[in-house]
Amino acid sequence: MDKTIGLACNISTGKLDANQAVSGGEYPFFTCAEFPDQIDHFAYDDDVVLVAGNNARGNFHVSRYKGKFNAYQRTYILTAKEGFNIDYVYYALKLELKRLREKSQGSQTKFLTMPILTGIHFRDITGDEQTEIANVLSVIDKKIELNNLINAELEAMAKTLYDYWFVQFDFPDANGNPYKTSGGKIVYNPTLKREIPEGWKVKKLADVTSLIRRGISPKYTDEGGISVLNQKCVRNQKISFEDARRHKIELDDEDERLLKPFDVVVNSTGVGTLGRVAYVKRLPEKKTTVDSHVSIVRAKSELLSPLYLAWKLMRHQPVIESAANGSTGQVELSKSFLEDIDVIIPSDSIVKRFEEFVTPLVPELASRESENEQLVQLRDWLLPMLMNGQVTVE
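How each quantity is defined
Residues numbered from 1 in each chain as written. Predicted model: local features only at pLDDT ≥ 70, side-chain atom pairs only at ≥ 80, totals over all residues. Heavy atoms only, no water. Pairing = 2+ DSSP bridges. Helix = DSSP H or I, 4+ residues; strand = E, 2+ residues; numbered from the N terminus. Axes fitted to C-alpha atoms, helices over the stretch in contact; angles between N-to-C directions. Contact = heavy atoms within 4.5 Å. Buried < 20%, exposed > 50% of the residue type's maximum accessible area, 1.4 Å probe, protein only. Arc of directions from axis to C-beta. Parallel < 35°, antiparallel > 145°, perpendicular 65-115°, else oblique. Salt bridge = Lys/Arg side-chain N within 4 Å of Asp/Glu carboxyl O. Core = buried A, V, L, I, M, F, W, Y, C linked by side-chain atoms within 4.5 Å.

1. Things to note about the sheet that holds strand β5 (residues 44-52)
Right, so step 1: Across the sheet, which stays open at both edges, the six strands sit in the order β2-β8-β5-β7-β3-β4 with mixed pairing between neighbours. In the strand order of this sheet, the two ends are held by β2 (9-13) and β4 (37-39), each with one partner. Neighbour-to-neighbour, the strand axes of the sheet open up by a mean angle of 45 degrees, direction not taken into account.
Right, so step 2: Where β5 meets strand β8 (residues 75-80), four bridges bridge the pair, whose relative direction is antiparallel. Bridge pairing in β8 links A52 to T75.
Right, so step 3: Contacts between helix α2 (residues 86-96) and the sheet are confined to β2, β5, β7 (62-71) and β8, with β7 contributing the most and set at about 125 degrees to the helix.

What follows is the structure, encoded as structure tokens:
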């Protein structure tokens, strides 16, 4: 006989409501969003599974966490009762959540109620069997997490260098000393209304790019055609090719809408997604483009390093995110807004040194992102078979 989540877990809900501002800090703050925010105080310190309790589209998600955290009041917090493995509970929920939309309540916003959650069934097996299954799946997730941690460290190095050189202006001078700190000449720029290093210029994004445009209005197909990125593919300043869909009409090899390495993609519509920025580190398929909700920004390489521009726009993301026009649910990022972004043009020698540092990191980042997509596919393939008993662990 199957067991239920209600029998296996102690379940509570978060205490913070939507009007309590998230102030930032060291602790995760779990909400109904896919990824946690940060907050400066915690209310829980435990080994838990967290389940989002409402979602506009019914795409519920589940998180696994151990340590100090806080939670929104529509987030369920689950701890395992004696005889149940919390990781096994996590994977049981991960499998079932894909089918919860039809069970959820509400028309505009879908709600996952306590009776629905507690009534979720999973196979009745021993604690040891639960642990064996959870361990197989956890090994894959831990490798994914390790890859993410390594990439985060590499990206943090590049971010620190970018900020140090192009925001604080402490790039190495002719003697190898920090330019601004060592007394390098700084001059007032009337366009930016602030000082920048002598000899550096400021141009509009439109003047240093060969392309700023939205993608295609796709007619989707299950097979054939080309890969098309959508808003869901751009998050955390990365491109998720596993979330791409397919367009049934081929584009000519010379079509400017086909993505190239170091192109920047910017989500240009949608509440909560508008303004997200990422750049192309790899192309699993040579012919890949974006849909009409995403903009492609391509540098004129003879005027500006595409890699420098990619980092410039990623660091500019908060400004782009704040540029929405239109009413809630119909926000649009205008092409003119992107074209009007001011871009500092450093000296060629400093940009070249930045490229020498960052360029070798790109294939490392791309390789781990690709490996993670393969690991996710493997985990998602194994998950139902292990949980339903079609495959056993020896």
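2. Regarding helix α8 (residues 348-358)
Right, so step 1: Within α8, burial applies to I350, V351, F354 and V358. All buried residues of α8 fall inside an arc of 100 degrees around its axis, so they share one side. Turned more than 90 degrees from where α8 packs its buried face, D348, K352 and E356 sit exposed.
Right, so step 2: The elements touched by buried residues of α8 are α4 (127-166), α5 (306-315) and α9 (361-388).

3. Considerations on the environment of P261
Right, so step 1: Relative to the elements of secondary structure, P261 occurs in the loop between β19 (245-247) and β20 (264-267).
Right, so step 2: A relative accessible area of 59% means that P261 is categorised as exposed.
Right, so step 3: Sequence separation of P261 and V351 is 90 residues, and the distance between their C-alpha atoms is 18 Å.
Right, so step 4: If sequence neighbours within four positions are ignored, P261 has contacts with V280 and L283.

4. Here's the deal with the packing of α2 against α9
Right, so step 1: Where α2 contacts α9, the two axes come as close as 10 Å, and the packing angle between them is 105 degrees. Taken together, the axes of α2 and α9 lie roughly perpendicular to each other. Touching Y88, Y91, A92, K94 and L95 of α2 are R379, L383, P384, M387 and N388, all from α9.

5. Remarks on the pattern of salt bridges
Right, so step 1: Applying the stated criterion across every chain yields a total of 22 salt bridges.
Right, so step 2: A salt bridge links R379 to D141, with the nearest nitrogen and oxygen atoms 2.7 Å apart. In this pair, R379 sits in helix α9 while D141 sits in helix α4, placing the two residues 238 residues apart along the sequence.
Right, so step 3: Its relative accessible area of 10% is what places R379 among the buried residues.
Right, so step 4: Under the relative-accessibility criterion, D141 is labelled buried at 17%.

6. Some remarks on the nonpolar core
Right, so step 1: Of all hydrophobic cores here, the largest spans 47 residues; its most connected members are L205, Y279 and W311.
Right, so step 2: Of all elements in the fold, only α4, β20, β21 (277-279), β23 (294-299), α5, β24 (342-345), α8 and α9 reach the threshold of two or more residues within this core.
Right, so step 3: The greatest single-element share of this core, amounting to seven residues, is contributed by α5.
Right, so step 4: In this structure, L205 is in contact with I212, V297, L309, L313, L338, E339, I341 and V343, ignoring residues within four places of it in sequence.
Right, so step 5: Among the nonpolar cores identified, the runner-up in size contains 37 residues, and A8, V89, A92 and L95 belong to it.

7. Digging into the sheet that holds strand β22 (residues 288-290)
Right, so step 1: Strand order in the open sheet formed by four strands is β15-β19-β16-β22, with mixed pairing between adjacent strands. Every interior strand has two partners, whereas the edge strands, β15 (220-221) and β22, have only one.
Right, so step 2: Relative to β19, β15 runs antiparallel, the two sharing two bridges. The residue bridging T221 from the neighbouring strand is R246, located in β19.

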